[in-house]
Amino acid sequence: MSAAEKEVIVGGLKDYQQVAMPAIKISKIDTKRADVSIGEAPTFYPTIEEFADCMGYIKKIRKEASQYGICKIVPPQGWNCPMLADINNPRHFETKRQRVNILQEGQGFDDGERYTAATYKAMADAFHDNWTNRYYSTENPTTEAKLEKDYWDLVETNHREAVVDYGNDIDTIRYGSGFPSGSSEEMMLKYMGNVDFNDPEYYRHSTWNLNNVPSAPGSILKYVTSPITGINVPWLYYGMLFASFCWHNEDNYFYSINYNHYGAVKQWYGCPGSAAEAFEKVSKEFLLGLFIESPDILHHMTTQVSPRLLAANRVPVYKVAQEAGTFVITFPKAFHGGFSYGLQSQRHPSS
């Protein structure tokens, strides 16, 4: 069986009816699939002078951007950070298998297959081609808007089935990093005063190099001396069409900074930290049966809730599309989730 063939399966409807539907029926909130528009989170375009200091720039935009929970930052023209995670790396990484059409049930993820970067790319590309060839044509071409609708139709209605493998939380100490190896605070300060995108050494010492963010000037994580993956050691991610990161906020209400190294767009949704309680309230009422069984279900990061349902119930929610070569920041206590439009590689530490 080819990779593309095994990615679309039948299953889950019975469990969905037994678990999710009773919760919806006894819910007191509006569960209609309302045609609610989702506002855009802001995108910022720093100058080279502003871009010199990662922590300083995030502090500068915090008051405005934190009202949305998330924001995108586009580096100045000329930014060309090399991607050092080799597609021919023979090391295998583990994945989580996600049944996209039952993500609303909050079930845990099974282990997916193990891949190298090259075999994951082949599988992801095949799945993407299989999906788009099945549902789209020259007369009806694929667009991100249509794929976004496909995704939420899968999650909300379970009328089609899709299974994907998500390469999440890959240890960059063991597997390798997409950024050059880290710098010292002294060298970061030196290069903050000399931003030169044409100098390969700049990317090693830049405060936007996610290996450097935890120890950058202005980061309190530089006082954490032991390596903690996902905190002061970035995770690496490999995503594919419909690979999902379900709603959650960061441990200890940290910020997070995420960089899309290459490939397809990653679709983000965010709810500001000021509305975290409202988010939890609506989620609990919508998925009441799941919360009765598992009160900490949101901490499992396995449950997807439609942003339209949140917006229809007066929870502020915003979206932003992250292209390759751009950063996304999430702010303290902000819930965020989303999915990928195709193959892409991403980095994520807290800050």
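Residues numbered from 1 in each chain as written. Predicted model: local features only at pLDDT ≥ 70, side-chain atom pairs only at ≥ 80, totals over all residues. Heavy atoms only, no water.

(A) The overall build of the protein, seen in detail. The secondary structure content of the protein amounts to twelve helices and 14 strands. Counting all 351 residues of the protein, 55% fall into the buried class. Within the protein, residue pairs in contact and separated by at least 24 positions form 84% of the contacts whose partners lie at least 6 positions apart. Just so you have it, the protein exposes about 15,500 Å², and 50% of that area is on carbon and sulfur atoms. (Helix = DSSP H or I, 4+ residues; strand = E, 2+ residues; numbered from the N terminus. Buried < 20%, exposed > 50% of the residue type's maximum accessible area, 1.4 Å probe, protein only. Contact = heavy atoms within 4.5 Å. Areas by Shrake-Rupley, 256 points an atom, 1.4 Å probe, with all protein chains shown as cover.)

(B) Representation of helix 8 (residues 185-192). Looking only at helix 8, the buried set comprises Met188, Tyr191 and Met192. The arc enclosing the buried residues of helix 8, seen along the axis, measures out at 110°, which places them on a common side. Pointing more than 90 degrees away from the buried face of helix 8 are the exposed residues Glu186 and Lys190. Along its buried surface, helix 8 packs onto helix 9 (200-205). (Arc of directions from axis to C-beta.)

(C) Examining the sheet that holds strand 1 (residues 39-40) more closely. Taken in spatial order, the five strands of this open sheet run 1-11-10-13-8, and their pairing is mixed. Each edge of the open sheet carries a strand with a single partner, namely strand 1 and strand 8 (244-248). Note that strand 8 and strand 13 (residues 335-340) share three bridges and pair antiparallel. By the bridge assignment, Ser244 is partnered in strand 13 with Phe339. Against the sheet, helix 6 (residues 144-157) makes contact with strand 8, strand 10 (266-271), strand 11 (318-322) and strand 13, and its axis sits at roughly 115° relative to strand 13, the strand it touches most. (Pairing = 2+ DSSP bridges. Axes fitted to C-alpha atoms, helices over the stretch in contact; angles between N-to-C directions.)

(D) Layout of helix 4 (residues 54-65). Those residues of helix 4 not exposed but buried are Cys54, Met55, Tyr57, Ile58, Ile61 and Ala65. Looking straight down helix 4, one finds its buried side chains confined to an arc of 145°; they lie on one side. Those residues of helix 4 that are exposed and aimed more than 90 degrees away from the buried face are Lys59, Lys60 and Lys63. Buried residues along helix 4 sit in contact with strand 2 (43-44), helix 3 (48-51), strand 3 (70-73), strand 9 (256-263) and strand 12 (327-330). One side-chain oxygen at the N-terminal end of helix 4 lies 3.4 Å from the backbone nitrogen of Met55; it belongs to Asp53. (Polar contact = N/O pair within 3.5 Å; in protein donor to acceptor, adjacent residues only side chain to side chain.)

(E) Region of the structure containing the side chain of Asn101. Tracing the chain through its elements places Asn101 in the loop between strand 4 (96-99) and strand 5 (110-111). Residue classification places Asn101 among the buried positions, given a relative accessible area of 2%. Polar side-chain contacts of Asn101 include one of 3.2 Å to the backbone nitrogen of Ala162.

(F) Here's a closer look at the pattern of salt bridges. The full count for this structure, using the stated rule, is 14 salt bridges. As a salt-bridge pair, Arg97 and Glu113 come within 4.0 Å of each other at their nearest N and O atoms. Residue Arg97 is located in strand 4, and its partner Glu113 is located in the loop between strand 5 and helix 5 (117-135); the two are separated by 16 residues in the primary sequence. In this structure, the salt-bridge partner of Arg308 is Glu156, at a minimum N-O distance of 3.0 Å. (Salt bridge = Lys/Arg side-chain N within 4 Å of Asp/Glu carboxyl O.)

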